[in-house]
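What follows is each chain in one-letter form.
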Amino acid sequence: MAHLSASRLIPIEFPLPPIEEQHRIVAKVDELMAICDQLKAKLIDIKQTQRHLAETLVAQVL
């Protein structure tokens, strides 16, 4: 940002939750990221299955 120096930011306090809460937040984010990874893998499998089904249907028609 224009006209924003470190000396103006130093006196600003940034509230943070207690360290235990920070650890719980990180653990929850890790858990949700793992779920997202699982969902991505399932979507890839579903797309491959759809592709194979489409190929099979086209092969049977021809």
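In case you missed it, the structure is sitting above this.
Residues numbered from 1 in each chain as written. Predicted model: local features only at pLDDT ≥ 70, side-chain atom pairs only at ≥ 80, totals over all residues. Heavy atoms only, no water.

Student: Would you mind showing me how to read the pattern of salt bridges here?
Tutor: Where side chains of opposite charge bring their charged atoms close, a pairing between them can arise. According to the stated counting rule, one finds 2 salt bridges in the structure shown. Between Glu-21 and Arg-24 there is a salt bridge whose closest N-O contact spans 2.6 Å. Here Glu-21 and its partner Arg-24 are both found in helix H2 (residues 19–61), 3 residues apart, which amounts to about one turn of the helix. Across the salt bridge formed by Lys-28 and Glu-31, the nearest N and O atoms sit 3.6 Å from each other. (Salt bridge = Lys/Arg side-chain N within 4 Å of Asp/Glu carboxyl O. Helix = DSSP H or I, 4+ residues; strand = E, 2+ residues; numbered from the N terminus.)

Student: How should a nonpolar patch on the surface be read in this particular structure?
Tutor: A cluster of nonpolar residues, Leu-4, Leu-9, Ile-12 and Phe-14, forms a patch on the protein surface that exposes about 380 Å² of accessible area. When its relative accessible area of 39% is taken as the criterion, Leu-4 is described as partly exposed. (Patch = residues over 30% accessible without salt bridge, like charges linked within 9 Å, V, L, I, M, F, W, Y side chains within 5 Å. Areas by Shrake-Rupley, 256 points an atom, 1.4 Å probe, with all protein chains shown as cover. Buried < 20%, exposed > 50% of the residue type's maximum accessible area, 1.4 Å probe, protein only.)

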